[in-house]
Amino acid sequence: MQLLSNFLKHKKIDTELVELIDTLMLACKEIALQLREGELAGVLGISDNTNIQGETQKKLDIISNEILKKVLLDNPLVRGVASEEEDHAVFGNPEGRFLVTFDPLDGSSNIDINVSVGTIFSVLEVPAGEHEDSDSLFLQPGTQQLAAGYVLYGPHAVLSLTTGDGVNMFTLAHTGDFLLTQEDVTVPETTAEFAINMSNQRFWEPAMRNYIDDLLAGTEGPRAQNYNMRWIASMVAEVHRILTRGGLFTYPWDSRDPKKPGKLRLMYEGNPMSMLIEQAGGVSSTCYQRIMEIQPEHIHQRVSVALGSREEVKALVEYHQKPE
Ligand code: P6P
């Protein structure tokens, strides 16, 4: 079994990027340990705080965020980090090369019920000549990402990683090492499995309602096949399933807050997951455009997401191109 850093060196990945990924994994190992302890470590339950998203923070949201911030900003390669749990970017070495965005614990509503959660991360480079620390350094389209990935804290902890040359998966061993367990991951082009929060159905655009209705119609409908449905309320777990066996995941725009394009955040959910899915041969769209081509306007910007098996996402996009 090949160690993560040896695998990346063997692939001739930029040595400073390899060091940064190793640093990220140091933080994720600590988060995995805290999660493993659960109630025994007194880390479950909610805190007294709410984040900029207006969400009540779980104790582990805060703990995970602090671990990632400290470990990353201690590394002189890191100029700054932008986190779902921080109002603004936090800066370290002014000469640092990398910017890291992250959702420290995606799906944290699942923590107290012992269902899978994960850390999502994205790596950007500081634009040349930019000497002033500000959120605007991060406002780069997803196509600029040097690397992206997540660590899924499930029955076993798994890192799914891309550095722009395909997707590979590494499992956290009891030794504390991430070992290569799946190379050149590819998303099957077709699927019979979709993931959406059906309770929002009355709030969707007509095109989304029509598409989902046709999936539910199964062999009697225009899609001419029966579909299965999943909803884990943890994007990391949904994306891991899709990377493993295909599928479609969507969290579309809905009319509950018409000014917001969707619930998920572009910089530390939409873009990193889109890079993984595209690198594995899938498609990731807002239903109207490629997510990774969006020019961000602020670090907590939201985005409508539809990602997964190429043929299924393309079919969903076509529903949004038909005149109403
Ligand atoms: P809902 C978790 O809070 C998250 O950001 C994603 O991981 C997940 O897919 C989605 O929100 C779940 O949202 O509205 O079903 O609770």
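Criteria and thresholds
- Residues numbered from 1 in each chain as written.
- Predicted model: local features only at pLDDT ≥ 70, side-chain atom pairs only at ≥ 80, totals over all residues.
- Heavy atoms only, no water.
- Helix = DSSP H or I, 4+ residues; strand = E, 2+ residues; numbered from the N terminus.
- Near = heavy atom within 4 Å.
- Polar contact = N/O pair within 3.5 Å; in protein donor to acceptor, adjacent residues only side chain to side chain.
- Nonpolar A, V, L, I, M, F, W, Y, C, P; charged D, E, K, R; others polar.
- Buried < 20%, exposed > 50% of the residue type's maximum accessible area, 1.4 Å probe, protein only.
- Pairing = 2+ DSSP bridges.
- Domains from an automatic or database assignment.
- Contact = heavy atoms within 4.5 Å.
- Buried area = accessible area lost by both parts, 1.4 Å probe.
- Salt bridge = Lys/Arg side-chain N within 4 Å of Asp/Glu carboxyl O.
- Expected span 1.5 Å × (residues − 1).

Peer 1: Hey, could you run me through unusual backbone geometry in this one?
Peer 2: Excluding glycine, residues mostly have negative phi values, and the peptide bonds linking residues are mostly trans. Phi angles above zero are rare outside glycine, and Ala 224 is one such case at about 55 degrees. Inspection of the secondary structure puts Ala 224 in the loop between helix 4 (206–216) and strand 12 (228–230). With a phi angle near 90 degrees, Cys 287 is a residue other than glycine that sits in the positive phi range. With respect to the helices and strands, the residue Cys 287 is situated in the loop between strand 15 (283–285) and strand 16 (302–303).

Peer 1: How should I be thinking about the site of the ligand in this particular structure?
Peer 2: The local shell around the ligand holds 13 residues, among which Asp 106, Asn 197, Trp 231, Met 235 and Tyr 251 are the closest. The contact in question runs from an oxygen atom of the ligand to an N or O atom on the side chain of Asp 106, over 2.7 Å. Sorting the residues of the shell around the ligand by element identifies strand 13 (248–251) and strand 14 (264–265) as the ones contributing at least two each. Tallied by class, residues from the shell around the ligand come to six nonpolar, three polar and four charged.

Peer 1: Sorry if this is basic, but what is going on with the pairing of strand 17 (residues 305–308) here?
Peer 2: The side chains of a regular strand alternate between the sheet's two faces. By the alternation rule, side chains of strand 17 split into Val 305 and Leu 307 and Ala 306 and Gly 308, which are all buried. Relative to strand 17, strand 13 is paired through four bridges, and the arrangement is antiparallel. Bridge assignment links Thr 250 to a residue of strand 17, and that residue is Ala 306.

Peer 1: Would you take a moment to explain the domain arrangement of the protein chain for this structure?
Peer 2: Accessible area lost upon the coming together of the parts is a frequently used measure of interface size. Domain annotation of the protein chain identifies domain 1 (4–182) and domain 2 (193–321). Distance between the C-alpha centres of domain 1 and domain 2: 23 Å. Between domain 1 and domain 2, the residue contacts involve 50 residues of the former and 32 residues of the latter. At the boundary of domain 1 with domain 2, total buried surface from both sides reaches about 2900 Å², with 64% on carbon and sulfur atoms. Area buried by domain 1 at its contact with domain 2 is led by Ile 120, Leu 139 and Tyr 150, which between them contribute 20% of it. Our count for the domain 1 to domain 2 interface comes out at one salt bridge. Ionic pairing is found between Arg 265 and Glu 84, a salt bridge with its closest N-O pair at 2.5 Å. Here domain 1 is connected to domain 2 by 16 residue pairs in polar contact (both at pLDDT 80 or more). Secondary structure elements with two or more residues in the side of domain 1 that touches domain 2: strand 3 (78–83), strand 5 (98–106), strand 6 (117–125), strand 7 (147–153), strand 8 (157–162) and strand 9 (167–172). Considering only residue class, the side of domain 1 that touches domain 2 consists of 22 nonpolar, 20 polar and eight charged.

Peer 1: Help me understand helix 3 (residues 59–73), please; the structure alone is not making it clear to me.
Peer 2: An α-helical segment advances 3.6 residues per turn. Residues three or four places apart therefore align on the same side. Spanning 15 residues, helix 3 covers 21 Å between terminal C-alpha atoms, matching the ideal 21 Å at 1.5 Å per step. The set of residues buried in helix 3 consists of Leu 60, Asp 61, Ser 64, Asn 65, Ile 67, Leu 68, Lys 69 and Leu 72. Lining the buried residues of helix 3 we find helix 2 (15–37), strand 2 (56–58), strand 3, strand 4 (90–91), strand 5 and strand 6.

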